[in-house]
Amino acid sequence: VAIDGSIDVWNRSLAQLTGFDREEVLGRPLIEDFVPPLRRKEVEGILSRAYAGVQACEIGVPLSTSDGRTVCIVLSTVARTRPSGEVFGVLAVGHEPSQQADSGSSGADCAADNLARLLDTASAPIFGIDCA
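Values in this document were obtained by computation on a predicted structure and should not be read as measured data.

Draft legend 1. Quick peek at the overall build of the protein. Within the protein, the regular secondary structure consists of 6 helices and 3 strands. In sequence order, the secondary structure elements of the protein are arranged as α-α-α-α-β-β-β-α-α. Scored against the burial criterion, the 132 residues of the protein give a buried share of 33%. Excluding contacts between residues fewer than 6 apart, the proportion of contacts in the protein whose partners are at least 24 apart in sequence is 39%. Element-wise, carbon and sulfur atoms account for 54% of the exposed surface of the protein, whose accessible area totals about 8000 Å².

Below is the structure:
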């Protein structure tokens, strides 16, 4: 999510989960267009804290789908920064709660697996993040 709240990354998993293709969402405001009205203040707070450098781990975030349903994604967030330290957005890595329940693993295990996959496949240098 860019610093102005617009979506600047939308992967295949989110497209499958929500029914919105990447091209449909890039540049649109995350909170106004995809978060149900009753949860917007909460999600604004999560993003505001992430922009300020406060990481969040295993936070349930609701998203609206293309067919009018709401799905919950469990996210961990961290500020995206330039080499100068300037924050330019938020990176959120998540999973569906049902994936955690189906796999029999804990939320921490699931988040660790997601982050390990991200670290293994990223084309840019990434530091480890300690959310504890």
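Past the structure itself, the notes keep going.
Draft legend 2. Spatial organisation of unusual backbone geometry. Although it is not a glycine, Glu 58 adopts a positive phi angle of roughly 55°. Checked against the element boundaries, Glu 58 lands in strand 1 (residues 56-64). For Glu 58, a relative accessible area of 29% corresponds to the partly exposed category.

Draft legend 3. Structural detail: the pattern of salt bridges. Enumeration over the complete set of coordinates arrives at 6 salt bridges. In this structure, the salt-bridge partner of Arg 28 is Asp 33, at a minimum N-O distance of 3.0 Å. A salt bridge links Lys 41 to Glu 44; its shortest N-O distance comes to 3.9 Å. With Lys 41 and Glu 44 both in helix 4 (residues 40-51) and 3 residues apart, this pair spans about one turn of that helix. A relative accessible area of 68% means that Lys 41 is categorised as exposed. Residue class for Glu 44 comes out partly exposed when judged on its relative accessible area of 31%.

Draft legend 4. Spatial organisation of the sheet that holds strand 1. Overall, antiparallel pairing links the 3 strands, which are arranged 1-2-3 in an open sheet. A strand with exactly one partner marks an edge of an open sheet, and here the two such strands are strand 1 and strand 3 (87-95). Sheet twist, expressed as the mean angle between neighbouring strand axes with direction ignored, is 45°. Pairing of strand 2 (residues 70-81) with strand 3, which is carried by 8 bridges, proceeds in the antiparallel orientation.

Draft legend 5. Structural view of the nonpolar core. Formed by 22 residues in total, the largest nonpolar core has its most connected members in Leu 30, Phe 34, Leu 47 and Leu 63. Elements represented by at least two residues in this core include exactly helix 1 (12-18), helix 3 (30-34), helix 4, strand 1 and strand 2. It is helix 4 that contributes the most residues to this core, 5 residues altogether.

Draft legend 6. Representation of the pairing of strand 1 in the model. Judged from the 7 bridges that link them, strand 1 and strand 2 form a sheet pairing that is antiparallel. Directly across from Ile 59, in strand 2, lies its bridge partner Leu 75. Linking strand 1 to strand 2, which pair antiparallel, is a turn of 5 residues; within it Gly 68 sits at a positive phi near 90°.

About the criteria used
Along each chain, numbering runs from 1 in the same order as the chain's sequence is written. Local features in this predicted model are restricted to residues whose pLDDT is 70 or higher, and side-chain atom pairs enter the listing and the counts only when it is 80 or higher, whereas totals over whole chains, interfaces and linings include all residues. As a rule here, side-chain values come from all non-hydrogen atoms in the structure, and water together with hydrogens is ignored. Note on conventions: DSSP H or I runs of at least 4 residues are helices, E runs of at least 2 residues are strands, and numbering of each starts at the N terminus. Exposure categories follow from relative accessible area, calculated using a 1.4 Å probe and restricted to protein chains: below 20% of the type maximum is buried, above 50% is exposed, and the middle band is partly exposed. In what follows, a contact means two residues having at least one pair of non-hydrogen atoms within 4.5 Å. Computed by Shrake-Rupley with a 1.4 Å probe, the accessible areas treat only the displayed protein chains as cover when residues are assessed. Counted as salt bridges are all cases of a side-chain nitrogen of Lys or Arg within 4 Å of a carboxyl oxygen of Asp or Glu. Here, strands pair whenever DSSP counts at least two bridges between them. Helix axes are fitted to C-alpha atoms over the stretch in contact, other axes to C-alpha atoms as well, and angles between N-to-C directions run from 0 to 180 degrees. Only buried Ala, Val, Leu, Ile, Met, Phe, Trp, Tyr and Cys residues count toward a nonpolar core, and they belong to the same one when joined by side-chain atoms within 4.5 Å.

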